[in-house]
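A closer look at the structure
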Amino acid sequence: MKRLHVHVAVDDIARAAKFYETMFAAPPSVLKPDYAKWMLDDPRVNFAISARGAKAGVEHLGIQVEDAGELADVYARMEAADAPVLEEGETVCCYARSEKSWVTDPAGVAWEVFRTDGEAAEYGGGAVADSGRLAMTPTGRPDSTSCTPEPAAQKQACC
């Protein structure tokens, strides 16, 4: 079963975590000094916030899948979309070990598709974007040197 993923950049992690804990009537399932995540079943969403220097607001959206079959299905749809796909493969991001790929929609919204395999002790790295779109290498392939596709002025590690 798939789960919608929403990641919001915040200026004050403690204040935002308290707000969302109240909104969702549940404590975060992961709480770090710069990151918090709620794995909600009603609504079925992986909602994450982070204070890592990105401009406050919705950072990216995504689809989290539970198994390799679902991942292959959503990857096939990403490939069929008219946009370059950044295939990260196995990576560490947001204190988790995952397999993921990225695509940017025509409006510049970054979408992540991933399957999580377990926890990680570090925040990690991943994909980079330029002006809200996936950054491209000189050969026309997506660049994969940091985690969330972010505007070029704010490039830094992870999602």
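Placed above this text is the structure.
Summary of the structure given here. Predicted model only: the values in this text are computed from it and were never measured.

Moving on: the overall build of the protein chain. Tallying secondary structure elements over the protein chain gives 2 helices and 10 strands in all. Of the regular secondary structure in the protein chain, the N- to C-terminal order runs β-α-β-β-β-β-α-β-β-β-β-β. Scored against the burial criterion, the 159 residues of the protein chain give a buried share of 47%. For the protein chain, restricting intrachain contacts to residue pairs at least 6 apart in sequence, the fraction spanning at least 24 positions comes to 56%. As displayed, the protein chain has an accessible area near 8000 Å², and 54% of this comes from carbon and sulfur atoms.

Further remarks concern helix α1 (residues 13-24). When the terminal C-alpha atoms of α1 are compared, their 16 Å separation across 12 residues agrees well with the 16 Å that a helix rising 1.5 Å per residue should span. Next to the buried residues of α1 lie β2 (30-32), β3 (35-41) and β4 (44-50). Positive phi appears at Ala-25, one or two residues downstream of α1, with a value of about 55°.

Turning next to the pairing of strand β7 (residues 96-104). Look at any regular strand and the pattern is simple: side chains alternate between the two faces of the sheet. Most of β7 is tucked away: 8 of the 9 residues are buried. As paired strands, strand β6 (residues 85-93) and β7 are joined by 8 bridges and run antiparallel to one another. When the bridges of β7 are listed, Leu-86 appears paired with Trp-102. Two successive antiparallel strands, β6 and β7, enclose a turn made up of 2 residues, where Cys-94 displays a positive phi of approximately 60°. For β7 and strand β8 (residues 110-119), the ladder comprises 9 bridges, and the chain directions are antiparallel. Across the sheet, Val-103 pairs through a bridge with Trp-111, a residue of β8.

Here we come to the pattern of salt bridges. Applying the stated criterion to the full structure yields 8 salt bridges. Ionic pairing is found between Arg-115 and Glu-99, a salt bridge with its closest N-O pair at 3.2 Å. Here the residue Arg-115 occupies a position in strand β8, and Glu-99 occupies one in strand β7, the gap between them amounting to 16 residues. Both residues of the pair, Arg-115 and Glu-99, count as buried. Three or more residues are tied together by salt bridges with common partners; here these are Arg-3, Asp-41, Arg-44 and Glu-66.

For the rest of this paragraph, the subject is empty space enclosed by the protein. Counted according to the given criterion, the structure contains 2 cavities of 30 Å³ or more. One number sums up the size of the largest cavity: a volume of about 100 Å³. For the lining of the largest cavity, the secondary structure elements donating two or more residues are β3, β7 and β8. Of the residues assigned to the lining of the largest cavity, the class counts are 6 nonpolar, 4 polar and 3 charged.

So, about the side chain of Asn-46. The residue Asn-46 is located in strand β4 in this model. If sequence neighbours within four positions are ignored, Asn-46 has contacts with Arg-3, Leu-4, His-5, Val-6, Lys-37, Trp-38, Met-39, Gln-64 and Phe-114.

With that settled, the discussion passes to the side chain of His-7. Within the element layout of this structure, His-7 appears in strand β1 (residues 3-9). His-7 gets classed as buried once you look at its relative accessible area, which sits at 0%. Here the side chain of His-7 touches Ser-50 through a polar contact of 2.8 Å, side chain to side chain.

Moving on: the pairing of β8. As defined by bridge partners, strand β5 (residues 57-65) adjoins β8 across 5 bridges and the pair is classed as parallel. Bridge pairing links Ile-63 to Val-113 in β8. Count of turn residues in the β7/β8 antiparallel hairpin: 5 residues, of which Gly-108 carries a positive phi of about 95°.

Cut-offs and rules
Residues numbered from 1 in each chain as written. Predicted model: local features only at pLDDT ≥ 70, side-chain atom pairs only at ≥ 80, totals over all residues. Heavy atoms only, no water. Helix = DSSP H or I, 4+ residues; strand = E, 2+ residues; numbered from the N terminus. Buried < 20%, exposed > 50% of the residue type's maximum accessible area, 1.4 Å probe, protein only. Contact = heavy atoms within 4.5 Å. Areas by Shrake-Rupley, 256 points an atom, 1.4 Å probe, with all protein chains shown as cover. Expected span 1.5 Å × (residues − 1). Pairing = 2+ DSSP bridges. Salt bridge = Lys/Arg side-chain N within 4 Å of Asp/Glu carboxyl O. 1 Å grid on protein atoms, 1.4 Å probe; cavity = no way out; pocket = protein on both sides within 12 Å on 5 of 7 lines; lining within 4 Å. Points joined across faces, edges and corners; volume = space filled by probe spheres on them. Nonpolar A, V, L, I, M, F, W, Y, C, P; charged D, E, K, R; others polar. Polar contact = N/O pair within 3.5 Å; in protein donor to acceptor, adjacent residues only side chain to side chain.

Taken by themselves, the reported measurements are silent on function.
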